[in-house]
Every structure is written in C-alpha cells, then in structure tokens.
Amino acid sequence: MLALVGLCLVAVFGFLLLSCAWGRSALSRGERLALGYGVGLGVFTYLMFGALAVGVRLSRLSILIALVTLSAALGLATWRWRGPSAFGAVGAPAAEPPATSHVRHPGSASLAAVIALVALSLSALAVALYWPIWTWDALTMFDYRGRAIAVQQSLAFLRHEAYWGSFPLLTSLGHALVRVLDGTTPNVLYPLYYASLLAVFYLNVAKLSGGLAAAGFTVIVATTPLLWQHAAEPLTNLPFTFYYGVGTMYVYRWVVARERSHLLLGGLLMGLSAWTRYGSEPLVLAVAIPVTVCALRRREPSAPVLFLLMFALVEAPWLLYQRYVLEVGPAYALYGVRAALWDGPRLLRTLTYLSWFLGSVHTHGAVWLMFFVSLCLNAPRWRDPSTWLAGMTLLGLMAWTASIYLTVLSVEYLAPTSGERLLLFLVPVAALYCAVSPTARRGAVALRPSSGWAGAVDATSPGGGR
Amino acid sequence: MRLTASRSIATLGAGGLLVNVFFTSTSMYKELSFIGTHPQLSRDEKMRLKVGGWVLDLTAFVNDQSPPESVIMIPPQRTAPWDVTGHFEMISYYVYPRRVVHGPANHSETAIREYLRSHPEITHMIITSEGTLWPDIPPLPGDEVHLLKPGWGIAKVGR
C-alpha cells in the first residue's frame, strides 16, 4: 500500500516537474499526466542515485519526505511562475492549431480504443502482479541490484562484480524504491510504463492526425505481442522503449511545430533512455542526425546542441561515476567492441536476423509491415515532416544493426535474445510514422470529413510541410 | 489515386490490428486462464513452475545451513558442466545476502585447498553434481558437510 502511495507521489512529482518546466503552453494537462509517471520515476531515481552516491541513506521516511517536499516546492514554483491555471485547463500551444473537437469529445472509436487500452493495461498488471520475478536478466541484474540497494542503502556492492556496475540504474532503483516502501512486487513498475506509453502515444497522434487515427494506431501499438509481453516482465526494454519512443515523438513535434521546448523534452527523455539501458548512444544518434540536418536547413544551429546537451546532462554523471568511482566500464566495454570493422558474413547474418524479426508478426505484430507499405505509398519529400520520422526509424534500424554487428558476442547468441527485445524500442516510432504519414492523414480525413487540423496538416497544403 | 492509397493503408491498418489482436489475445488468454485456475499458488510454487525446482531446493538448503554473513564458494565457471551452480549472479540472487565467489579454475584437491588458504574470507563451499561432482575432494577434519542428497549440499570450511 505504501509502495502504491510512493508511486502515485512519483507520478505527481513528474506531473509538477513538467508543469513547472514546460507549462501548459507546451504540454496539455493530459500529456503532463501521461508523462508524469515515466518522467517522475526517471528523474527521482536519478536523485536517489545522487543521494546514495554521496552516502545518504534512503529510508522509507526520507523517500516519502523527499517526494512530498519536492512536489510541494514544484507546485509552489509552478503556481508563482505560471499561475494557477497551469494545473488546470488543457492548453492549446500557440504555435499549433487547436486540437480537433473529437479529441476533447471522444467519439465511439476513441471510446472503444480507451476501453481496449484499459483492458490491456489491467491484464498486463494482473500478470505482472501474479508472477514473481523469474526472468534470467531480471533476477541476476535488475532485481538483485534493487534488493541489494534497498537492504544495504549503498552502491558499494556494484564494485564487487563488473557485471552489476555495467548497466544504468533506473529500473534497479525503481525496484529499490518499491522495496524500501514495503512493496514486494516491483513488477508493478512495468504495466505502468505500458499504460503511460499508450496514453502519450494516443495524445500525440490525436494532435497530429486526429482522434480516429489515434484510436486505431494506439490499439495497434498496444496489441503488439512483444510489447504486451514486456508490460509484465521486469526487463529494461519497455522502460527504454517508453523513453526512446516518447522522446522521438516530442522531437517530431519540434519538427512539425518548431516549438523548442518539445526538442528539450525529447532530449531529456533520450537522456533518461540512457539512464535505463546501456548502449543507447548509437540509437540516439539515429534521432540526433535528422535533428541536426533539419535544424541546419532551418538555420537553427543551436537546436541540435541543446538536444544533445539535455541528453548529456543525464548520461554524463552516470558514466563518470562508472568510470571514476565504480571503476568499471559500461556493458559494451565489458563485452567488447569488434576491432575489425568489416566482416561481410557477420553483417549478412545480422541483417538476416533483422529481416526475420521485422517479419515476425507473432512477436512484432504488423507494425513493420505497415511501416514499409506506408513508406512505399509516401514518397520522401523535404516539405513533408513525416519524412523526418521515416528517416529516424530507418536510421534506428541501422543503429540496431550496428549495435549487434559491432559487439564481439556472436550474432547467433545476441540477436535472438537481447537483440530481438531491443528492437521493441522502434515499434512506437514506426507506428507513429504510419499514423502521421500523408496517406494516413488523408485516410482520416476521408473517414471523418470534419476532422479539422488532422486534414489541414497535409504535406501538399500550405504550411503542411513546416 | 490518393484515396486508393488511403484506403489501402486503412485496410492494412485494420488487417494489422486483427493480426496483433489475434496473437496478443492468445497469449493474454493463456496467461489469464492460468491465473484464473491457479489463484492460490504460493510464490515458491510459481518459481518452481518457471525456473525448475532443483536449484531452488539447493539454494534454500544452502540458506538454511549458512548464516547470512557467509561467503560461499561455487564452481569456477558458469559454462558446462556447471551452467547453473557456477552462475555467479544467479546463485548470488538466491542466497542473498550471502556473498558468492568462484572457485579456482583448477579442480584438483591441492589447488582448491590452496585457494581456500589464500582466501580466508570463504566460509562455505557449495557441493554440486550438476554434470560433474564439485568440489571432488574429501572433507578435512573440521569441515562440516551437510548434504541435501548425495552429491548436493554445502560444506562449512574448517579453519
């Protein structure tokens, strides 16, 4: 019960942090609520890491006091700085057209989708709460570290074994938080990530393509077999997918609307993805490259710098702690990087696995099939913002290939295990492209003639290719 | 042409949704029907279903026979023949808060005794017959051997 209160406080902390730093002009109340849990847990575990690193013990009382105090301080700051309305009404960003009427008054499709999403999230929660933690990596790494941190109130044990110190700590500190607050099932963290991801995805697609597309594509993401499975499994892949996928969504919002705060939020979320799982750098590069090209085309050279700065602000302290305090390298250093860059047969094997995964509808669902068909139906154009998203997805696939190809571990060992799970991170991004491509937007207009902005933001219409 | 493309993507979306719903609802049904028919299983029973019983029996026995501050030596490698009992991280999880260390790569009695002499912090040795008996050495006076069954158990190192 206390753990549940703690997680609610974490979500409130995240909501208030977003309200204070981003405000309702950048994020609607719904988005701040949906993002609150993930951002709150990511930032609060970072604060826990900072406290443990300087020797502060994290008792039940100190955690609750910290959460309440931080939330109260953020609430007061938001009240003073942004005014009382910051907590209330849904904001319509000045730079974007108003949300369509059916977003605020969901139609039958949206209602059916919401019911389906709640049912899927509750079923994942039931499975997560029923089974104890048993998955290999979860036992030996994430939950072990969480349990050890909760008992020892220290990070010193990470030095005993390079393996334990090689992975970032977000999920382990989440487990520690639940355990310190008398919780026995840290698995509860994962269905909450799943529900948050779906809510953020729905709200973003609703803004970009209308309620009908949002309803359909969110259910497609939610029913991706591997994603639902990971909603009940205490591995880092779903949290990583949340931070990376949602981060990419806000970077795309910056591409569409040029709202700098969205880019900063994208950078923060990308940084939190690096706080979740090792080896995120090549994957983040898949977003940073299109950001840089887009920014240079728009003569905004500071944009990629700010994006990478936000990312580095989160990643750098952990890397420095690993290097100079724990004296271990990150996991890719532990397992090694190939000295020889060219190995044709290895590249072929990696690409064979990739194509196999992309076509495996029993694990990755139909998202990839839809992505490639959408790509064929929509010729790339500079003026179409969704082209940038297609670029991020394709570069993401290349980054995945590089991640598998460049390590010293055998492809046959790595690809079918952690490689396939890792590929989950691109599912929301590919689905977002399908949902915002010109074909999908036109389809939404054809099915709902009065869908307002969904139809107005067309690549061929004035302003559509912003 | 555009409307045809939009209809294609709408049809594909509906088809994709059906494919996803089919596979996810199959796993969901399997999971939820199991939970519905086995609501009273204990944590231990659930773990046995997922990870197998023998490692849980062995580590529970180790926990019973050694104090929490023990340092336990396990086989030297987590590859065959000691895939599980030589798995440092996994055994560490099950016997927590006891500490775990790997034994020497050389399995001879002399090497193991020398290793124990040079690592006085080691208080116990796991005894495993996973593939091959380890440590395959006779106990010395002062060693306390506790067996769960022949070839499986824990020995307290006599000092």
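Calculation rules
- Residues numbered from 1 in each chain as written.
- Chains lettered and ligands numbered in written order.
- Predicted model: local features only at pLDDT ≥ 70, side-chain atom pairs only at ≥ 80, totals over all residues.
- Helix = DSSP H or I, 4+ residues; strand = E, 2+ residues; numbered from the N terminus.
- Buried ≥ 20, exposed ≤ 12 C-beta atoms within 10 Å, placed from the backbone.
- Contact = placed C-beta atoms within 7 Å.
- Nonpolar A, V, L, I, M, F, W, Y, C, P; charged D, E, K, R; others polar.
- Domains from an automatic or database assignment.
- pLDDT = per-residue confidence, 0-100.
- Core = buried A, V, L, I, M, F, W, Y, C linked by C-beta atoms within 7 Å.
- Expected span 1.5 Å × (residues − 1).

A. Here's a closer look at the overall build of chain A. Helix and strand content of chain A: 25 helices and zero strands. The buried share among the 466 residues of chain A stands at 57%. The long-range fraction of contacts in chain A, counting pairs at least 24 apart against all pairs at least 6 apart in sequence, stands at 79%.

B. Representation of the interface of chain A and chain B. Of the residues lining the interface, 37 residues belong to chain A; the matching set on chain B comes to 34 residues. Those elements that place two or more of their residues in the side of chain A that touches chain B are α6 (108–130), α7 (136–152), α11 (211–222), α12 (225–230), α19 (361–364), α20 (367–377) and α24 (438–447) of chain A. Per-element accounting of the side of chain A that touches chain B gives the leading share, six residues, to α7(A). Looking at the side of chain A that touches chain B residue by residue, the class counts come to 23 nonpolar, 11 polar and three charged.

C. The domain arrangement of chain B, seen in detail. Here chain B is described as being made up of domain 1 (2–40) and domain 2 (47–156). A separation of 46 Å is found between the C-alpha centroids of domain 1 of chain B and domain 2 of chain B.

D. A look at the confidence of the model for chain A. All names here are of chain A. Of the residues in chain A, 89% have a pLDDT of 70 or more, and the chain-wide mean is 88. Throughout residues 90–104 the model reports pLDDT below 50, and contacts reaching past four residues in sequence, or to other chains, amount to 34 contacts. Every residue in residues 449–466 scores below 50 in pLDDT, and together they form 36 contacts with partners more than four places removed in sequence or on other chains.

E. Seen up close, the environment of Leu227(A). Residues and elements named next belong to chain A. Within the element layout of this structure, leucine 227 appears in helix α12. Expressed as a C-alpha distance, the spacing of leucine 227 and glycine 365, which sit 138 residues apart in the sequence, is 9.4 Å. In this structure, leucine 227 is in contact with Val221, Leu424 and Val427, ignoring residues within four places of it in sequence.

F. A look at the nonpolar core. All names here are of chain A. One finds Leu198, Val205, Ala430, Ala431 and Leu432 to be the most contacted residues of the largest nonpolar core, which totals 185 residues. Broken down by element, this core gets its largest block of residues, 16 residues, from helix α10 (residues 189–209). Ignoring sequence-local partners within four residues, the contact set of valine 205 consists of Ala213, Ala214, Phe217, Thr218, Leu432, Ala435 and Val436.

G. Here's a closer look at unusual backbone geometry. Between Tyr96(B) and Pro97(B) the backbone carries a cis peptide bond, its omega angle lying at 10°. Note on placement: Pro97(B) falls in the loop between α4 (88–95) and β2 (99–102). At the junction of Trp134(B) and Pro135(B), the peptide bond is cis and its omega measures out at -5° in the coordinates. Secondary-structure assignment places Pro135(B) in the loop between β3 (124–127) and β4 (144–149). Here Gln153(A), not a glycine, exhibits a phi torsion of approximately 55°, which is positive. Considering the arrangement of structural elements, one finds Gln153(A) in the loop between α7 and α8 (162–165). The backbone of Arg258(A) sits at a positive phi, close to 60°, despite the residue not being glycine. Relative to the assigned elements, Arg258(A) resides in the loop between α13 (237–257) and α14 (260–274).

H. View of α13(A). Residue and element names in this part refer to chain A. Here α13 is 21 residues long and its end C-alpha atoms lie 30 Å apart, about the 30 Å a rise of 1.5 Å per residue gives. Extensive coverage of α13 is indicated by the burial of 21 of its 21 residues. One or two steps after α13, the chain reaches arginine 258, where phi turns positive at roughly 60°.

I. View of the confidence of the model for chain B. Residues and elements named next belong to chain B. Looking at chain B, pLDDT values average 90 and 96% of them are 70 or higher. Here helix α1 (residues 2–37) stands out as the least confident element of chain B, with mean pLDDT 87; strand β1 (residues 71–74) is the most confident, with 96. For this predicted complex, the interface confidence reaches an ipTM of 0.88, while the overall pTM sits at 0.91.

J. View of the domain arrangement of chain A. Residues and elements named next belong to chain A. What the domain assignment reports for chain A is domain 1 (1–83 + 133–184) and domain 2 (106–130 + 185–466). The straight-line distance from the C-alpha centre of domain 1 to that of domain 2 is 23 Å. The partner domain 2 presents 39 residues to the 35 residues of domain 1 that form the contact. For the side of domain 1 that touches domain 2, the secondary structure elements donating two or more residues are α3 (29–53), α7, α8 and α9 (170–180). No other element matches the nine residues that α3 contributes to the side of domain 1 that touches domain 2. The class makeup of the residues in the side of domain 1 that touches domain 2 is 17 nonpolar, 13 polar and five charged.

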